[in-house]
Amino acid sequence: MLKFLLSRLAVLIPTFLGVSIIAFSFIRLLPGDPVMLMSGERVMAPERHAEIMHELGYDRPLPVQYLDYLGGVLTGDFGKSVVTKRPVVDDFFKLFPATLELSLCAIIIAVVLGIPAGVLAAVKRGSFFDQTVTGAALVGYSMPIFWWGLLLIIVFSGVLQWTPVSGRISLLYFFKPVTGFMLIDSLLSGQKGAFASAVNHLILPAIVLATIPLAVIARQTRSAMLEVLGEDYVRTARAKGLSPLRVVGLHALRNALIPVITTVGLQVGVLMAGAILTETIFSWPGIGKWMVDSVSRRDYPVIQSGLLIIAGIIMMVNLIVDVLYGLVNPRISHD
Amino acid sequence: MPLLDIENLTVEFQTAGGVFRAVDGVSLYCEKGEILSIVGESGSGKSVAMLALMGLLPWTAMVTADRMIFDGRELLGMSPEKKRKIVGREMAMIFQEPMSSLNPCFTVGFQIKEMLRQHTDMNRAQRQERAIELLASVGIPAPKERLSVFPHQLSGGMSQRVMIAMATACQPKLLIADEPSTALDVTIQAQILDLLRSFAHEHGMALILITHDMGVVAEMAERVQVQYAGQKVEEQNVVDLFTHPHHPYTAALLSALPERANARRLPSIPGVVPGQYDRPPGCLFEPRCSFATEICRQGAKRQGSGLGHALCNHPLNGPGDDAGEQKQRNKAGATS
């Protein structure tokens, strides 16, 4: 087990290096620089511009800047935002709970709806329900997130006026964040209506973010289940006189879940990518919106380090999934 | 009254090319404690008939019969809830591929104890004790330790022993063994068959052994039912079947045994079992039969018990008859 973990951690090193190089160089490929964008519409004297660029160290050759940045990261210094002047890590972890809350709700929706839908579709293969699930999954998977999000806003916020358009909670409520999760904080605050408001704000972005993982999980569950239902051990389970619920829900599902767990783990990356669009559409104050805003401000340190931390989180989640895999599938052992 | 009494069982599948009849009017009975063997080539419907009895066919299968009585109870039209109390407890089945018949995600102990949990009201400690006892009874060394082992850690022979332990957990009145030794190597085959026979004798359990191996039949069976293309073509006790086969198909099967061959070339039956699209209109064996005549193209007649219920117009070894006379008569029939 320890050997397995160490070998997996060793793979992370080149991945980290790759991500850092890409993040570092791609943002610099964009025209413009942070100083120019900070100065806004006022014209800045070229001397002043060069002076600030020198202060920030952006006039040095790129390899030197990169090595300087890498050295900082290795000593735990992820740099300071050019705009807010605060350490990137501080900003990141202040905003991260919002993204985490949204992503967790999305993945819970995707798993809770996707797995039963996939199982039922497989059990009733070829039925109307199966065709509906398969069709809906294809549509959901193919739908552009920004368009789907806008569509839901038009219907539920615009026409029906059931949900607010943006933000995490109504401006009527204010309380100090305790956990950073609005659902929990609003309950802890004890203010009447705060929780309902938080749920109301969360529901649309969570649905939008859940759509692609839901489609993927439902399809994966269905095909894994179809394969497993034809296995000899499912026939054995039925030959024992077990109820259909136990045969499908225990004997078949337990085996079908093995590939599904990998899929769920991979959806974490999809969630992060989706969060960028979803948070922008719904003005959700999380990492995704922060990154997009930083790109338009050419806030180099935020983008470099933000991407690196997100990549790190995704890699850790995948590592955890691989470890879990060994627990679910007795044929795999990490010894 | 026999333990199992099936009359005129038919199983059909709806396929893209029309209806496929896998089992065609098969009747079968089995006495308490009897070892019955069902023999036939692949595609003769032997497994399908038994899966239909157990209720293990997919829902696309259409099962009809005049009666299907097990231990005095009619299984046809019985509610699934009621049938699940019989299946597994009084009537159990083991399969051809022991390695894939055990669930890879659960320990051997869990799978055996699950059977006890489903059908008995033993408590946890009693189930544990009974599971150890069962593993010991099928000849698995260190049974207590083996309970926590996963199926992929067992060999094929061991897996089949576990399957037998599981199937016999509730002391069923009938055990159906579907080619239980085919996937195993020869020395293990003999051990598994010995185990099944001793179980049947010790517990008075009836055993239906599905096989295509005449050697296994000779060794194990008390009575034999021969199936061909979904039909029962002959039924006799084992000694008579081997000495006086009445159906030409049975005779051909027996003469294909290596022990019986006296020519340099091993005799074989020409042709293959008819499938869905090339079903002959009359006797199904007619295209491959060396005794076939014109009337065989119209249909086959079911003979009486003196001729092993053979489904044949020209049964062999009839009273006062031999193969030579038989052929003479065939010729006469063909010219007239």
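Since we're looking at a predicted model, the values are computed, not measured.

I would appreciate a short explanation of the overall build of chain A in the present structure.
If you tally the helices and strands in chain A, you get 13 helices and 0 strands. Ordered by position from N to C terminus, the α and β elements of chain A give α-α-α-α-α-α-α-α-α-α-α-α-α. Considering chain A as a whole, with its 335 residues, one finds that 45% of them fall into the buried category. In chain A, the share of contacts with a sequence separation of at least 24, taken over all contacts with a separation of at least 6, comes to 72%. Total accessible area computed for chain A in this model is approximately 17,200 Å², and 71% of it derives from carbon and sulfur atoms. When the 26 positive and 21 negative side-chain charges of chain A are each reduced to one mean point, those points stand 11 Å apart.

Would you mind showing me how to read the packing of helix α4 (residues 108-119) of chain B against helix α5 (residues 124-137) of chain B here?
What describes two packed helices is the angle between their axes and the distance between those same axes. Residues and elements named next belong to chain B. One can describe the packing of α4 onto α5 by two numbers: an axis separation of 9 Å at closest approach and a directional angle of 115°. Taken as axis vectors, α4 and α5 run roughly perpendicular relative to one another. Between α4 and α5 the crossing geometry is right-handed. In this structure, α4 uses V108, I112, K113, L116 and R117 to contact α5, whose residues at the interface are R127, Q128, R130, A131, L134 and L135.

Even after reading the chapter, I still don't get the interface of chain A and chain B, so can you show me in this structure?
Interface size is often expressed as the accessible area that is lost when the parts come together. Taken together, the 20 residues of chain A in the interface contact 28 residues of chain B. By the criterion of area lost to chain B, the three top residues of chain A are R235(A), K240(A) and P330(A), representing 27% of everything that side buries. On the surface where chain A and chain B come into contact, there are 2 salt bridges. The salt bridge involving R246(A) is made with E114(B); its shortest N-O contact spans 2.7 Å. Counting across the interface, chain A meets chain B through 12 residue pairs in polar contact (both at pLDDT 80 or more). Listed by contribution, the elements that provide at least two residues to the side of chain A that touches chain B are α10 (232-239) and α11 (244-281) of chain A. Here the element with the most residues in the side of chain A that touches chain B is α11(A); it accounts for 7 residues. Among the residues making up the side of chain A that touches chain B, the classes are represented as 8 nonpolar, 5 polar and 7 charged.

Would you explain the pairing of strand β11 (residues 231-237) of chain B in this entry?
If a strand is regular, its side chains alternate between the two faces of the sheet. With 6 of its 7 residues buried, β11(B) lies for the most part within the structure. From the end of strand β10 (residues 223-228) of chain B to the start of β11(B), which pair antiparallel, there are 2 residues, and A229(B) there has a positive phi angle of about 50°.

I'm lost on the packing of aromatic side chains in this one. Help?
For any pair of aromatic rings, the description consists of the separation of the ring centres together with the inter-plane angle of the planes. In total, this model carries 12 aromatic pairs over all chains according to the counting rule given. Here the aromatic rings of F106(B) and F110(B) are separated by 4.7 Å at their centres, their planes lie at 20°, and the arrangement is stacked. Classification of F110(B) as partly exposed rests on a relative accessible area of 29%. Through a chain of ring-to-ring contacts, the aromatic side chains of F92(A), F93(A), F96(A) and W290(A) assemble into a single cluster. Over the ring of Y29(B) we find R223(B); its NZ or CZ atom is 4.0 Å from the centre of that ring.

Looking at this model, I keep getting lost on the pattern of salt bridges. Mind explaining?
Side chains that carry opposite charge are capable of pairing whenever their charged atoms lie near each other. Residue and element names in this part refer to chain B. Per the stated rule, a full pass over the model turns up 28 salt bridges over all chains. One salt bridge connects D24 with R21, and the closest N-O pair in it is separated by 3.3 Å. By relative accessible area, which is 19% here, D24 ends up buried. When its relative accessible area of 33% is taken as the criterion, R21 is described as partly exposed. We note a salt bridge from R223 to E235, for which the minimum N-O separation is 3.1 Å. Here E235 lies in strand β11 and R223 lies in strand β10, a separation of 12 residues in the sequence. Residues R223 and E235 agree in their burial class; the two are buried. Several salt bridges converge on common partners, so that one network encompasses E12, R21, D24 and R279.

Can you help me understand the nonpolar core in this one?
The tendency in soluble globular proteins is for nonpolar side chains to be buried as a group. All names here are of chain B. Grouped together as the largest cluster of nonpolar side chains are 79 residues, with contacts concentrated most on M50, L53, L174 and I208. Ignoring any residue separated from it by four or fewer positions in sequence, one finds I208 in contact with L4, L28, C30, L36, I38, M50, L174, L175, I176 and A177. With 27 residues, the next largest nonpolar core counts A221, V233, L254 and F291 among its residues.

Sorry if this is basic, but what is going on with the sheet that holds strand β7 (residues 91-94) of chain B here?
Sheet strands pair via backbone hydrogen bonds, and the direction of the pair is either parallel or antiparallel. Residue and element names in this part refer to chain B. Read across the sheet, 6 strands follow the order β7-β8-β9-β3-β10-β11 without closing on themselves; strand pairing throughout is mixed. Single-partner strands in this sheet number two, and they are β7 and β11. On average, each strand axis in the sheet is tilted by 15° relative to the strand beside it, whichever way the strands run. Pairing of β7 with strand β8 (residues 174-178), which is carried by 4 bridges, proceeds in the parallel orientation.

Explanation requested: unusual backbone geometry in the structure shown.
Only a minority of non-glycine residues have a phi that is not negative, and only a minority of peptide bonds are not trans. Residues and elements named next belong to chain B. Of note, D71 is a non-glycine position whose phi angle comes to about 50°, a positive value. With a phi close to 50°, A229 is a non-glycine residue in the positive phi region. Positionally, A229 belongs in the loop between β10 and β11.

I would appreciate a short explanation of a nonpolar patch on the surface in the present structure.
A surface patch of nonpolar side chains, amounting to about 430 Å² of accessible area, comprises L100(A), L104(A), I108(A), V112(A) and L113(A). Mapped onto the elements of the fold, V112(A) is located in helix α5 (residues 88-123).

Thresholds applied
- Residues numbered from 1 in each chain as written.
- Chains lettered and ligands numbered in written order.
- Predicted model: local features only at pLDDT ≥ 70, side-chain atom pairs only at ≥ 80, totals over all residues.
- Heavy atoms only, no water.
- Helix = DSSP H or I, 4+ residues; strand = E, 2+ residues; numbered from the N terminus.
- Buried < 20%, exposed > 50% of the residue type's maximum accessible area, 1.4 Å probe, protein only.
- Contact = heavy atoms within 4.5 Å.
- Areas by Shrake-Rupley, 256 points an atom, 1.4 Å probe, with all protein chains shown as cover.
- Lys, Arg positive; Asp, Glu negative; His and termini not counted.
- Charge placed at Lys NZ, Arg CZ, Asp CG, Glu CD.
- Axes fitted to C-alpha atoms, helices over the stretch in contact; angles between N-to-C directions.
- Parallel < 35°, antiparallel > 145°, perpendicular 65-115°, else oblique.
- Left-handed = near helix turned anticlockwise from the far one by under 90°.
- Buried area = accessible area lost by both parts, 1.4 Å probe.
- Salt bridge = Lys/Arg side-chain N within 4 Å of Asp/Glu carboxyl O.
- Polar contact = N/O pair within 3.5 Å; in protein donor to acceptor, adjacent residues only side chain to side chain.
- Nonpolar A, V, L, I, M, F, W, Y, C, P; charged D, E, K, R; others polar.
- Pairing = 2+ DSSP bridges.
- Phe/Tyr/Trp six-rings, centres within 6.5 Å; stacked < 30°, edge-to-face > 60°.
- Lys NZ or Arg CZ within 6 Å of the ring centre and 35° of its normal.
- Core = buried A, V, L, I, M, F, W, Y, C linked by side-chain atoms within 4.5 Å.
- Patch = residues over 30% accessible without salt bridge, like charges linked within 9 Å, V, L, I, M, F, W, Y side chains within 5 Å.

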